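# Observations on chain architecture
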Amino acid sequence: NDSNKTQKNISLAATPFTIHSKTTMAEEAKAYVPPKVWKHKPGPGIWGKLNQPTAGPRSEKELPRGKHAIQLYSMATPNGIKAGIFLEELYEAYGLEYDAWLIHIAQGQQFTSGFVKVNPNSKIPALLVYDLTDEKKPPVRVFESASILLYIAENFDKDNKFLPKDPQGRIETISWLFWQIGSPPHPRGGG
């Protein structure tokens, strides 16, 4: 029955093409047999070798720690720079100091044991905030750029210059924060 067959017209970058499938999705699902043992086949290039279907650290290495309470671990990617930009704004506004550490994602530094302790998803940016008055207290860990921005605003924006106190202004700001994380296109299509 041709009505069950898949046909879609797709337009990408003004280049239309048609996908024709000789089987239905149900037929394809019945035909698929998962392997008894999964064998990872690395893809081509630098990212194909880094991206694996496993979680957790791949090497033992602790993260560096500077002298300030705030420790930022990131790289200059579209999402990676957001926390650094905001910390610079807070430095200008309040003199808030922090330490920033480069995590070379093309070298797999996000898969070290120290980084995975901060972000189990192995993605930049990540943040540790220490209580310098009590070194026995474990640091607060924050990961994902929106979470980091919100945490920094809630804890270090003393005069509410960036995150208003009034409920309407606060939720408006948070709505725009979450929008900018997920909505705009990124340069070269990456995040």
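Reading guide: rules and limits
- Residues numbered from 1 in each chain as written.
- Predicted model: local features only at pLDDT ≥ 70, side-chain atom pairs only at ≥ 80, totals over all residues.
- Heavy atoms only, no water.
- pLDDT = per-residue confidence, 0-100.
- Contact = heavy atoms within 4.5 Å.
- Helix = DSSP H or I, 4+ residues; strand = E, 2+ residues; numbered from the N terminus.
- Pairing = 2+ DSSP bridges.
- Axes fitted to C-alpha atoms, helices over the stretch in contact; angles between N-to-C directions.
- Buried < 20%, exposed > 50% of the residue type's maximum accessible area, 1.4 Å probe, protein only.
- Polar contact = N/O pair within 3.5 Å; in protein donor to acceptor, adjacent residues only side chain to side chain.
- Parallel < 35°, antiparallel > 145°, perpendicular 65-115°, else oblique.
- Left-handed = near helix turned anticlockwise from the far one by under 90°.
- Nonpolar A, V, L, I, M, F, W, Y, C, P; charged D, E, K, R; others polar.

## Considering the confidence of the model for the protein
Mean pLDDT over the protein: 86, with 84% of residues reaching 70 or higher. Throughout residues 3-15 the model reports pLDDT below 50, and contacts reaching past four residues in sequence, or to other chains, amount to 22 contacts.

## As for unusual backbone geometry
In this model, Ile124 is joined to Pro125 through a cis peptide bond whose omega is -5 degrees. Relative to the helices and strands, Pro125 resides in the loop between α4 (113-118) and β5 (126-129). Not every positive phi belongs to a glycine, and Glu144 is a case in point at roughly 80 degrees. Tracing the chain through its elements places Glu144 in the loop between β6 (140-143) and α5 (145-156).

## Topic: the sheet that holds strand β3 (residues 70-74)
Sheet architecture is open: four strands sit in the order β4-β3-β5-β6, paired in mixed fashion. In this open sheet, the two strands that pair with only one neighbour each are β4 (98-102) and β6. Across the sheet, the mean angle from the axis of one strand to that of its neighbour is 15 degrees, orientation sign disregarded. Strand direction decides the pairing type here: β3 and β4, joined by five bridges, are parallel. Within the sheet, the bridge partner assigned to Ile70 lies in β4 and is Tyr98. In the packing of helix α3 (residues 80-94) onto the sheet, contacts are made with β3 and β4, and the angle to β3 comes to roughly 150 degrees. Sitting on the sheet, α5 touches β3, β5 and β6, and the angle it makes with β6 is about 135 degrees.

## Notes on the side chain of Asn119
Tracing the chain through its elements places Asn119 in the loop between α4 and β5. Under the relative-accessibility criterion, Asn119 is labelled buried at 0%. A distance of 2.8 Å separates the side chain of Asn119 from the backbone nitrogen of Asn121, its partner in a polar contact.

## Re the packing of α5 against helix α6 (residues 167-182)
Remark: α5 packs on α6, axes separated minimally by 9 Å, with the N-to-C direction vectors making an angle of 150 degrees. When the axis of α5 is compared with that of α6, the two are roughly antiparallel. Between α5 and α6 the crossing geometry is right-handed. In this structure, α5 uses Ser145, Ala146, Leu149, Leu150 and Glu154 to contact α6, whose residues at the interface are Arg170, Ile174, Leu177, Phe178, Gln180 and Ile181. Tallied by class, the residues present in the contact of α5 with α6 amount to seven nonpolar, two polar and two charged.

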